[in-house]
Amino acid sequence: DAGVIQSPRHEVTEMGQEVTLRCKPISGHNSLFWYRQTMMRGLELLIYFNNNVPIDDSGMPEDRFSAKMPNASFSTLKIQPSEPRDSAVYFCASSSGRVNGSPLHFGNGTRLTVT
Amino acid sequence: ILNVEQSPQSLHVQEGDSTNFTCSFPSSNFYALHWYRWETAKSPEALFVMTLNGDEKKKGRISATLNTKEGYSYLYIKGSQPEDSATYLCAYPTGGTSYGKLTFGQGTILTVHP
């Protein structure tokens, strides 16, 4: 099992540009989560999907952020336009069921720097 | 307690010391309590998922206990080793259901000195 795969590992972009982060969950997992890690706020949940359907996106900071899961094996998190305050490490995680029985499996993260 | 709180924020111990730290969470509508270990430059890895009051789980020198009625969990490390140095996170579902919305505490940063 390759685990949760995220790409790219590092992204450096200029303010105003569109950024797309990608995630491939573990095969067979039906829940997918996008988290953002910052010094100030720690690990904060942006959005999660269950069976490819977005369940809760209340953590998405603003309309510049959007996430999709077109099928069970792929998800994207898009920031358009990007701003310097979006600089952070973005983690994708997947799990095989409900949180009362299933741990999260995290990808290696994408370190985003917006200049 | 409205959110997940962890204490202490950081801890420095000597190799061979035993140590413990705390996670506090809302005691109403309990679903589960997760513990993760996060080493520098890596991603968080699950240690335990705990669901029953009074539950105790163990993995090697690391163990955890759970009190759902008073809303706390302890993580214990026996005979700390330098490789135990990491941030230890607890997480709790705050969405009102057992699906998703796992909210993480700020973590306890453990440094074990040789």
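Please refer to the structure placed before this passage.
A.B. asks: Go over the sheet that holds strand S8 (residues 72-77) of chain B, please, and point to the residues and values.
C.D. replies: All names here are of chain B. Pairing is antiparallel across the open sheet formed by 5 strands, whose spatial order is S1-S3-S8-S7-S6. Here the strands that pair on one side only, and so sit at the sheet edges, are strand S1 (5-7) and strand S6 (56-59). Across this sheet, the average inter-strand angle for adjacent strands is 15°, counted without regard to direction. By the bridge criterion, 4 bridges tie S6 to strand S7 (residues 62-67) in an arrangement that is antiparallel. Among the inter-strand pairings, Lys 58 is bridged to a residue of S7, identified as Ser 63.

A.B. asks: Run through the interface of chain A and chain B, naming residues and quoting values.
C.D. replies: Each partner contributes to the interface: chain A provides 23 residues, whereas chain B provides 20 residues. Surface buried jointly by chain A and chain B totals about 1,800 Å² across both partners, of which 61% is contributed by carbon and sulfur atoms. The interface formed by chain A and chain B holds 0 salt bridges in total. Remark: the boundary between chain A and chain B carries 3 residue pairs in polar contact (both at pLDDT 80 or more). Contributing elements (two or more residues each) for the side of chain A that touches chain B: strand S4 (31-38) and strand S5 (42-50) of chain A. The element that contributes the greatest number of residues to the side of chain A that touches chain B is S5 of chain A, accounting for 5 residues. Here the residues of the side of chain A that touches chain B sort into 11 nonpolar, 9 polar and 3 charged.

A.B. asks: Give me the pattern of salt bridges: which residues, what numbers.
C.D. replies: Residue and element names in this part refer to chain A. A full pass over the atoms with the stated rule returns 11 salt bridges over all chains. Taking the shortest distance from any N to any O, the salt bridge between Arg 36 and Glu 44 comes out at 3.1 Å. For Arg 36, a relative accessible area of 10% puts it in the buried group. Overall, the relative accessible area of 13% leaves Glu 44 in the buried class. Between Arg 85 and Glu 62 there is a salt bridge, with the nearest N and O atoms lying 3.2 Å from each other. Of this pair, Arg 85 sits in the loop between strand S8 (74-79) and strand S9 (88-95) while Glu 62 sits in the loop between strand S6 (53-56) and strand S7 (65-71), placing them 23 residues apart in sequence.

A.B. asks: Go over the state of the cysteines, please, and point to the residues and values.
C.D. replies: Taken as a whole and judged by the stated rule, the model has 2 disulfides over all chains. Note on cysteine connectivity: Cys 23 of chain A is disulfide-linked to Cys 92 of chain A, with sulfurs 1.9 Å apart. Of note, the bridge from Cys 23 of chain A to Cys 92 of chain A carries an S-S torsion of about -65° and is left-handed in sense. One end of the pair, Cys 23 of chain A, is in strand S3 (residues 19-24); the other, Cys 92 of chain A, is in strand S9, with 69 residues separating them in the sequence. Here Cys 23 of chain B engages in a disulfide with Cys 90 of chain B; their sulfurs sit 2.0 Å apart.

A.B. asks: Give a description of the sheet that holds strand S1 (residues 5-7) of chain A that names residues and reports values.
C.D. replies: All names here are of chain A. Spatially, 4 strands are ordered S1-S3-S8-S7 in an open sheet, and the strand pairing comes out antiparallel. A single partner strand is all that each edge strand has here, and the edge strands are S1 and S7. Taking each pair of neighbouring strands and ignoring which way they run, the sheet shows an average axis angle of 15°. Strand direction decides the pairing type here: S1 and S3, joined by 3 bridges, are antiparallel. Each bridged residue has a counterpart across the sheet, and for Ile 5 the counterpart in S3 is Lys 24.

A.B. asks: Run through the pairing of S8 of chain B, naming residues and quoting values.
C.D. replies: Residues and elements named next belong to chain B. Side-chain alternation along S8 places Ser 73, Leu 75 and Ile 77 on a buried face and Tyr 72, Tyr 74 and Tyr 76 on a face that remains uncovered. Judged from the 6 bridges that link them, strand S3 (residues 19-24) and S8 form a sheet pairing that is antiparallel. Following the sheet pairing, Phe 21 is matched in S8 by Leu 75. Relative to S8, S7 runs antiparallel, the two sharing 6 bridges. Considered in S8, the bridge of Thr 65 is made with Tyr 74. Counted between consecutive antiparallel strands, the loop separating S7 from S8 contains 4 residues, among which Gly 71 sits at a positive phi close to 75°.

A.B. asks: Tell me what's going on with empty space enclosed by the protein, and back it up with residues and numbers.
C.D. replies: Residue and element names in this part refer to chain B. Applying the stated rule across the entire model yields 1 cavity of 30 Å³ or more. Space inside the largest cavity adds up to approximately 30 Å³. Taken together, Arg 37, Glu 39, Lys 42, Ser 43 and Glu 45 make up the full set of residues lining the largest cavity. A per-class count over the lining of the largest cavity returns no nonpolar, 1 polar and 4 charged.

About the criteria used
Residues numbered from 1 in each chain as written. Chains lettered and ligands numbered in written order. Predicted model: local features only at pLDDT ≥ 70, side-chain atom pairs only at ≥ 80, totals over all residues. Heavy atoms only, no water. Pairing = 2+ DSSP bridges. Helix = DSSP H or I, 4+ residues; strand = E, 2+ residues; numbered from the N terminus. Axes fitted to C-alpha atoms, helices over the stretch in contact; angles between N-to-C directions. Contact = heavy atoms within 4.5 Å. Buried area = accessible area lost by both parts, 1.4 Å probe. Salt bridge = Lys/Arg side-chain N within 4 Å of Asp/Glu carboxyl O. Polar contact = N/O pair within 3.5 Å; in protein donor to acceptor, adjacent residues only side chain to side chain. Nonpolar A, V, L, I, M, F, W, Y, C, P; charged D, E, K, R; others polar. Buried < 20%, exposed > 50% of the residue type's maximum accessible area, 1.4 Å probe, protein only. Disulfide = S-S within 2.5 Å. 1 Å grid on protein atoms, 1.4 Å probe; cavity = no way out; pocket = protein on both sides within 12 Å on 5 of 7 lines; lining within 4 Å. Points joined across faces, edges and corners; volume = space filled by probe spheres on them.

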